[in-house]
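Working through the structure, step by step
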Amino acid sequence: MYHVMLVPTLNCPSNCSYCWGSKDNAGVMDIEIIKKVVEWLEDYREDPVHFTFHGGEPLLAGYDFYKEALPLLKEGLGDRGAGFSLQSNLWLLTDELAQLFRDYGVAVSSSLDGPKDINELQRGKGYFDKTMKGYEIALRNDLPVNFICTFTSYSKDLVDEIFEYFLECGFNLKLHPALPSLRGDNSDPWAISPEEYGKLLKILLDKYLSHLDDIEIVDFDHFCKSYFIRKGTVCVLADCLGNTLAVDFEGNIYPCYRFVEMPDYVMGNVRDKPRVEDLQQSEAWKIIQSFMDLVDESCKKCRFIKMCRGGCPYNALKADGGHIKNVDPQCTAYKMIFEDINKRATKEMMANMMPSDPSLKSGKRGGIMSLMIK
């Protein structure tokens, strides 16, 4: 299965302090681009494709766009259509849209950084209430919503408060570290270091294992699954080149949504119905390929290479001024969490083999093996 991210626009009504993914006065995708996407993918690959609507704020495309786009994508690709996701702040969600997304099984995610006061500081005044209003619309229309929580240089020290908030609300979540961007420096003051991110992951894994029946933190499900099968299960832990693509409002194709509307990273356009071989000739493809080649050489002695594949090439590009010189700086954090998972798994296995040993029992938090086979 591969993944195509559709970015209807980079416009966004919110103004989050650390955001680098939006752009003022950006264009909005026309339904004709969706038709061209279907025509392109009909002969692109034989395996299933999952679509994610991203932005900016994808709901700015409007109800009429989605009413036509969803059936076009679902019916146009038949059995190869693997499903839909959407990332939104929910401000523009209506009952009509919620019902439409529910009917097409769209997995909706929104962004929430914890309690209202933390959101107000990081995402701007009014963000929390508007998102919660959209969430209530989703609830009354039986549309599930999961949340992405971004940890910043400010909120990393409030991990207990943030975790308790999500736990009490019964919200499942995905973690995200605030990171620097190729688009500008506004996110730099909010970014957390790889060491800080690694420590944060270890703290939250410990909390997660104590509340497996009460909350889901999907990052740890992926980290544990990747450790178990020795293969990354999300894009930042896998060879994403060619398996993750993004399409902007004009039909331009990029390696992923992080590169959208950056001309140097355009690989082609859906109107031309490029084959895989055509995309491989683009400079953008060659840049990402150079990252993969560097990982094969630099990380070949690392025991976690198959689990993370050097991390995200975008992060590596940003760290080295737009050039590929090193692996993802978050490598430090990935090693920290995989080492922690390894220690926990070893201790849990030993406890199962020797249940009478009190030293092993006392250290067992429980559940790490269940996450591996989840």
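Above this text sits the structure in question.
Since the structure is predicted, the reported quantities are computational estimates derived from the model, not experimental observations.

**Considering the packing of helix α8 (residues 218–229) against helix α13 (residues 331–353)**
- Where α8 contacts α13, the two axes come as close as 10 Å, and the packing angle between them is 70°. Overall, the two elements α8 and α13 adopt an arrangement that is roughly perpendicular. Residue-level inspection shows Phe 220, Phe 223, Cys 224, Ser 226 and Tyr 227 of α8 in contact with α13, the latter providing Tyr 334, Ile 337, Phe 338, Ile 341, Asn 342 and Ala 345.
- Of the residues assigned to the contact of α8 with α13, the class counts are nine nonpolar, two polar and no charged.

**Some words on the packing of aromatic side chains**
- With the rule as written, the count across this model stands at 25 aromatic pairs.
- When the ring of Tyr 135 is compared with that of Phe 147, the centres are 5.5 Å apart and the planes differ by 55°; the resulting orientation is tilted. Taken as a pair, Tyr 135 in helix α5 (residues 127–140) and Phe 147 in strand β5 (residues 145–151) lie far apart in primary sequence, twelve residues in all.
- Put simply, the rings of Phe 51, Phe 53, Phe 65, Tyr 66, Phe 84 and Phe 101 pair up and form one aromatic cluster.

**Points about the pairing of strand β7 (residues 244–247)**
- Residues of β7 alternate between two faces, with Thr 244 and Ala 246 on one and Leu 245 and Val 247 on the opposite face, all of them buried.
- One ladder, built from four bridges, connects strand β1 (residues 2–6) with β7; its direction is parallel. The residue bridging Leu 6 from the neighbouring strand is Val 247, located in β7.
- In this sheet, strand β8 (residues 252–254) lies alongside β7 in antiparallel orientation, the contact comprising two bridges. Bridge pairing in β8 places Val 247 opposite Ile 253.
- Remark: four residues form the turn of the hairpin made by β7 and β8, two consecutive strands paired antiparallel; Gly 251 in that turn has positive phi of roughly 90°.

**A short note on the pairing of strand β6 (residues 173–177)**
- Residues Leu 173, Leu 175 and Pro 177 line the buried face of β6, whereas the alternating positions Lys 174 and His 176 sit on a face that is not buried.
- With helix α6 (residues 159–169) bridging β5 and the parallel β6, this β-α-β connection has right-handed handedness.

**Quick notes on the nonpolar core**
- Counting 116 residues, the largest nonpolar core has Leu 41, Phe 51, Tyr 66, Phe 101, Phe 166, Phe 220 and Ile 341 as its most contacted members.
- For Phe 101, the residues in contact, after removing those within four places along its chain, are Leu 59, Tyr 66, Leu 70, Leu 86, Leu 93, Val 106, Val 108 and Leu 143.

**What to know about the packing of helix α4 (residues 116–123) against α5**
- It is at 8 Å that the axes of α4 and α5 come closest, and there the two elements cross at 115°. Judged on the interaxial angle alone, α5 and α4 are roughly perpendicular. Taking contact as the criterion, the partners of Lys 116, Asn 119, Glu 120 and Arg 123 in α4 are, on α5, Tyr 127, Phe 128 and Asp 129.

Parameters at a glance
Residues numbered from 1 in each chain as written. Predicted model: local features only at pLDDT ≥ 70, side-chain atom pairs only at ≥ 80, totals over all residues. Heavy atoms only, no water. Axes fitted to C-alpha atoms, helices over the stretch in contact; angles between N-to-C directions. Helix = DSSP H or I, 4+ residues; strand = E, 2+ residues; numbered from the N terminus. Parallel < 35°, antiparallel > 145°, perpendicular 65-115°, else oblique. Contact = heavy atoms within 4.5 Å. Nonpolar A, V, L, I, M, F, W, Y, C, P; charged D, E, K, R; others polar. Phe/Tyr/Trp six-rings, centres within 6.5 Å; stacked < 30°, edge-to-face > 60°. Buried < 20%, exposed > 50% of the residue type's maximum accessible area, 1.4 Å probe, protein only. Pairing = 2+ DSSP bridges. Right-handed = clockwise from strand over helix to strand, strands pointing away. Core = buried A, V, L, I, M, F, W, Y, C linked by side-chain atoms within 4.5 Å.

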